[in-house]
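Chains, contacts and geometry: an overview
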Number of protein chains: 2
Amino acid sequence: MNWALFAILISALAFIVAGYFYRWVSKLPVAEGPLRHVGMLIRKGAFAFLKREYRILAIFVGVVALLLVLFFPIPFWMGSILENLGMAAAYILGSVLSALAGVIGISIATIANVRAATAARQGLAPSYMAGFRGGAVMGMAVVGSSLFGAAVLYLLTSDPNIVLAFSFGASSLALFAKAGGGIFTKTADIAADLTGKVELGIPEDDPRNPAVIADNVGDNVGDVAGMGADLFDSNIAAIAAAMVIALPLGQVDLLFCFGALGLLASIIGVLTARVGKKGNPGAALNRGTYLTCGIFAVLTFVASMIYHFDLRLWGATVVGMVAGVVIGLTSDYFTGDNRKPVARVAHACESGPAFTILSGISYGLISALPSLAGIGAAALIAFKLCEPMGAGYAMLGVSMSAIGMLAIVGMIISNDAYGPIVDNARGVAEMGGLGEEVLKITDELDAAGNTSKAITKGFAIGAAGLTVIALLGAFREIVYNATGQTLVFDMMDPLIFFGMLIGAAIPAVFAAMLMMGVNRNSQKMVAEIHRQFNTIPGLKEGKQGVLPDYDRCIDIATVGAVRELIPAGLMAIVATLVVGFIGGVAAVGGFLAGNIVSGLLLAMLMSNAGGLWDNAKKYIEAGHCGGKGSPAHKAAVIGDTVGDPFKDTAGPSLNTQVTVVSLVSSLAAALFIAISIF
Amino acid sequence: MNWALFAILISALAFIVAGYFYRWVSKLPVAEGPLRHVGMLIRKGAFAFLKREYRILAIFVGVVALLLVLFFPIPFWMGSILENLGMAAAYILGSVLSALAGVIGISIATIANVRAATAARQGLAPSYMAGFRGGAVMGMAVVGSSLFGAAVLYLLTSDPNIVLAFSFGASSLALFAKAGGGIFTKTADIAADLTGKVELGIPEDDPRNPAVIADNVGDNVGDVAGMGADLFDSNIAAIAAAMVIALPLGQVDLLFCFGALGLLASIIGVLTARVGKKGNPGAALNRGTYLTCGIFAVLTFVASMIYHFDLRLWGATVVGMVAGVVIGLTSDYFTGDNRKPVARVAHACESGPAFTILSGISYGLISALPSLAGIGAAALIAFKLCEPMGAGYAMLGVSMSAIGMLAIVGMIISNDAYGPIVDNARGVAEMGGLGEEVLKITDELDAAGNTSKAITKGFAIGAAGLTVIALLGAFREIVYNATGQTLVFDMMDPLIFFGMLIGAAIPAVFAAMLMMGVNRNSQKMVAEIHRQFNTIPGLKEGKQGVLPDYDRCIDIATVGAVRELIPAGLMAIVATLVVGFIGGVAAVGGFLAGNIVSGLLLAMLMSNAGGLWDNAKKYIEAGHCGGKGSPAHKAAVIGDTVGDPFKDTAGPSLNTQVTVVSLVSSLAAALFIAISIF
């Protein structure tokens, strides 16, 4: 059985399902009236941003491709650049596929949003289906193309370096796409909230607010395109790391088999997802996830029995999957609106904003422990399980646990992309004037999306953690191939320690740079909104026919995001190179370890604290602790505003940052061996 | 030359200077009137807290001493417990000396505060001298007793384990004293600010506020006793780590020589400290620090030449000292009120509290990079400098760099204890009605104290970082002695990785537990203050002769702090033991590395963000961005309230947490080798 071919076939099946859903969603009706116009504005704004973002990124990709040709893995003065050319091509392919995933995601999301809103007139279930199947287009396209790309490259070259370069293409694009999208979406969200909800007391998504279209555009470019690029990248990185380790052991078959079965399980999960007429959309999303996990475990077990894969490796894979569920449950506990932390933070809001912030940060800090312990335990168990199989198998076990955690990523992305679609549906329903009943339904769908979003983030972060441990193994493998020496990352080596301390500081600086970008831009947008309110007569009062200049706000968010998306990511990449050229591969090993540890910690803190504040606000808005307009609510809005760049800009970009520096290290390993001060 | 004896002599000199300053300060006059009464209340409250805190801690110390007798380093069933008895005795000595340092500090601080306030009637210079010399009593007593204790134990036993136990006694007491004091002080500070400044708009330290005495008590128990215990502990830990490494190399002489010369330099620095009549107190504090550094570098160089110590070790020591200055300058940049970050955060306050929080956290995150890089670079340079001297010398170099960073700790503590004394002086001057002129002078002295406090914290954190790297070396040395095998902390070992991830999460949970403690208690105190304002007639209006019930507030802070001071520290210790019993010494090695990295990162973030918010508030109060009472000021007060437990409870406790788990690991190493699952 040629499992790489099998993976290509299953990918093709995923594309067919994606195409089917795309057509299914597109054929749904759209209500007449302002809804169409609003939907069109959002679609136009999203694509305009994407175009400008990709123009910048194309230059970046071109420069990096040139550097690859010249220096990686073999500097041009040291031999043939044939392999370098292959790597550059794979790099470009990775980034193009990642960009394509973004385009497909935005395209379907801006089709599905207005249709989900329209369908809400028929009830919750039809609206849910529009949102979920829209999200599933993204899920199927992303996972299908990552598996497809990896399998094709493997069949063509069998060179793990090529797959690493492919992965690096996907990651570097994801890094910038997430940073750019994250800055865009939170710039608009914060500015809209502060001027609309807080200052004027008008509802969310009120068409009078000049930032309202930008806010809805942001959901798409940040959450749909950004998260899609992120999970595309995680998935490929996991495959790449596993391939580097599996190749010398002759175990690549297993990798493609399990990867393909994971996608198959997701396809089944996505196709069977339903919600009852009066059903709970959150439960439906979770049911789908657990079902997919179960199918995956059974399918891979059966395949292992039939094709005689070692059950230890199957065990390692399942351990990773279980760890993913544990991390998801942790996020659910710390951010779910029916759990203690949300109620306690809401209660702290009654004592003012300072307590809101302190309690949210405290819970966020605590939430890191179970997640980090879960990742550590999964890696440990997978390692020990596979160690008896022989040299190299232990690390293969760890990399398979990452594959296991990401196996159901098709389902995860579907759940995740569902969130911004129904969020948008709520927005366009309000602006399109579809009435209270529709708003109630879309609100309910939206709340379910929030929790699933928090779970997805936990998953993405955990998967990045395991992947990067595997990448550290891949890094050592590469150094071994280059020097014939097994690198021992002894923490008592001061070079390792030096690298570790600097590596740990990088995610902090990275997160800070992104948050400062949001800060700067949203202050600009607030000023613009004030200007419009003050100079456009009748706007504030909601006079019939008076509309704000939405485009100016979209423009501010776009220009700001495009300017800010490069520096933070570049800083992380440059820091890796600087540490490598100072301290060589040992320092880079320490750098990666420090980077993972603090990156995961900060990512968990930021994602969970942000989700917690968001839901604490919703909890108060539902009538607790004084309800809407109370002092507690005002404090909760401040908490939510702090949480916005935490959870949607900095937090979820951190795992991509960690992945990118790991890949940079692996690719540049030969260079560091050739040139370093110590 | 017997350098241990020399160290004892210099310690004695330090005690003499401390005694001289104690008498000098005590003889200063105290103004008649309410000042005396207020001073008495503060003194009484502080000692009442100390008594209750120490009663709890005595039980803890007793239990640990018993455990030491039974299990450490050799379980009682495996041989003679004679060494165990010695260790328990050393442990008790360490904790008693630490407690004593706290008592001396509180005693002099509550004598000096009213005298500094009185002296302010004569001008800035006399008031400065009262504050500084009060602080110097603490500085001399702390450093003298730590050096004295270590030297005596060495002369008596020459057993590094005994010194480690001594250090563990000091550390575990410091951990709880800082946690307890930190919770006390911020409970009172936040409650007083929220009810007084924010709700009623009455000035800080207004005698109508029922929490005002508790707030001033807090400065003493938190900042004076807590920071004293902390630096006592850091100093001893550095000496202990260096001694474990120096003993087999026969280099203990060097250690005591340099330690004693550092204290001598501090004595000279403290004795010559002056401020001109119209001088700048901040500049005077800094001048003293730099002078001490210079004297230390020269003295140790001369001693190295005369007594033929290797200049490489001298170089390592000086590198550590320089790194300390770099960290201090970083803290100064990020928190100094004449620097960009403070102005920018103040500007962000104009856009509301959310931006205040986001910008402060962003700068705090960024501030971690230079500090961590400084620590890493110091360790790296010291290591490489001493590596050519032979096996073991490289780690000795690292431990000497920690000694170098802490060499001037006598001066540092003097500067630091100065802060709360003049802060208190300001408070008692307000309550004692000493007039505007005195308030202006004490305000100026207080502002200088804030910056020096931030620098001290940076120093303490950096020293802990270097010390813990050295302790990691000591840990390996101990494992080597027990098993004959050199432990390689290979990060690719999944046990190490498992330990590392959990170790990284512990400081986060620790910090969260302390902050939640402050949250809970200050909410209780706010309720009590509201009760008093509502039930005591004439209190709010400031009717002549109506006084609040100060004792109730002191009681709430005391009871709350005493209840919360144990759990967080115990959690960290238990986590270390659990990881050790699961994964053995390898997992503990990873645990320590993860713990240092994330502990330092969070400590820098919290200390610097907190100091930044504090000074941004002061910057606005000085008339910028709308000045007092403006919306920007309200936002700044919220930022400052968030920053309070950051910088005065959680942040500075983190370095003690890191030190404590390192010592626990070293002490329990033999146990982990005997018993562990993996």
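Chain A has the name K(+)-insensitive pyrophosphate-energized proton pump in an unreviewed UniProt entry, where Luoshenia tenuis is given as its organism. Among the UniProt annotations of chain A, the heading Subunit (unreviewed entry) holds the following wording: "Homodimer." Per UniProt, the comment on chain A under Cofactor (unreviewed entry) is "Mg(2+)".

1. Details of the interface of chain A and chain B
Facing the 72 residues of chain A at the interface are 72 residues of chain B. Across the chain A to chain B interface the summed buried area is about 6,400 Å²; carbon plus sulfur atoms make up 86%. At the boundary of chain A with chain B, the tally comes to two salt bridges. Note that D490 of chain A is salt-bridged to R476 of chain B, the shortest N-O span being 3.0 Å.

2. Details of the pattern of salt bridges
If charged atoms from side chains of opposite charge come close, those side chains can pair. Residues and elements named next belong to chain A. Within the structure shown, the criterion is met by 44 salt bridges over all chains. Ionic pairing is found between E528 and R552, a salt bridge with its closest N-O pair at 4.0 Å. Within this pair, whereas E528 is found in helix 15 (residues 494–535), its partner R552 is found in helix 16 (residues 550–621), the two being separated by 24 residues in sequence. Among the residues examined, E528 registers a relative accessible area of 6% and is labelled buried. Between K647 and D648 there is a salt bridge, and its shortest N-O distance comes to 3.3 Å. Neither K647 nor D648 differs from the other in exposure class; each is buried.

3. Remarks on the packing of aromatic side chains
Inspection of the entire model under this criterion finds 38 aromatic pairs over all chains. Ring centres 4.6 Å apart and planes at 70° place the aromatic pair F60 of chain B and F176 of chain B in the edge-to-face group. In this pair, F60 of chain B is assigned in helix 2 (residues 34–71) and F176 of chain B in helix 5 (residues 160–200), connecting sequence segments 116 residues apart. By relative accessible area, which is 13% here, F60 of chain B ends up buried. On the accessibility criterion, F176 of chain B (0% relative accessible area) is buried. Among the aromatic side chains, those forming a connected cluster through ring pairs are W3, F6, F258, Y307 and F309 of chain A. Here the guanidinium or amino end of R133 of chain A rests over the ring plane of W24 of chain A, the centre of that ring lying 4.8 Å away.

4. Remarks on the relation of the copies chain A and chain B
Between chain A and chain B, which share one sequence, the superposing operator has a rotation angle of 180° and an axial displacement of 0.0 Å; the RMSD is 0.0 Å. Such a combination of turn and shift is consistent with a two-fold rotation axis. Among all residues of chain A, the minimum C-alpha distance to the rotation axis is found for D490 of chain A, at 2.3 Å.

5. Side note on the nonpolar core
By size, the foremost hydrophobic cluster in this structure holds 563 residues, and its most contacted members are I213, F256 and L365 of chain A together with I213, F256 and L365 of chain B. The contacts of L365 of chain A, once residues within four sequence positions are left out, are L605 of chain A together with A508, V509, A511, A512, M515, L602 and M606 of chain B.

6. Some details on the UniProt feature "site: Determinant of potassium independence" (unreviewed entry) in chain A
According to UniProt, the positions carrying the feature "site: Determinant of potassium independence" (unreviewed entry) are K453 of chain A. Relative to the helices and strands, K453 of chain A resides in helix 14 (residues 436–483).

Calculation notes
- Residues numbered from 1 in each chain as written.
- Chains lettered and ligands numbered in written order.
- Predicted model: local features only at pLDDT ≥ 70, side-chain atom pairs only at ≥ 80, totals over all residues.
- Heavy atoms only, no water.
- UniProt positions renumbered as here; feature names shortened; annotations may be inferred.
- Contact = heavy atoms within 4.5 Å.
- Buried area = accessible area lost by both parts, 1.4 Å probe.
- Salt bridge = Lys/Arg side-chain N within 4 Å of Asp/Glu carboxyl O.
- Helix = DSSP H or I, 4+ residues; strand = E, 2+ residues; numbered from the N terminus.
- Buried < 20%, exposed > 50% of the residue type's maximum accessible area, 1.4 Å probe, protein only.
- Phe/Tyr/Trp six-rings, centres within 6.5 Å; stacked < 30°, edge-to-face > 60°.
- Lys NZ or Arg CZ within 6 Å of the ring centre and 35° of its normal.
- Least-squares fit on C-alpha atoms with pLDDT ≥ 70 in both.
- Core = buried A, V, L, I, M, F, W, Y, C linked by side-chain atoms within 4.5 Å.

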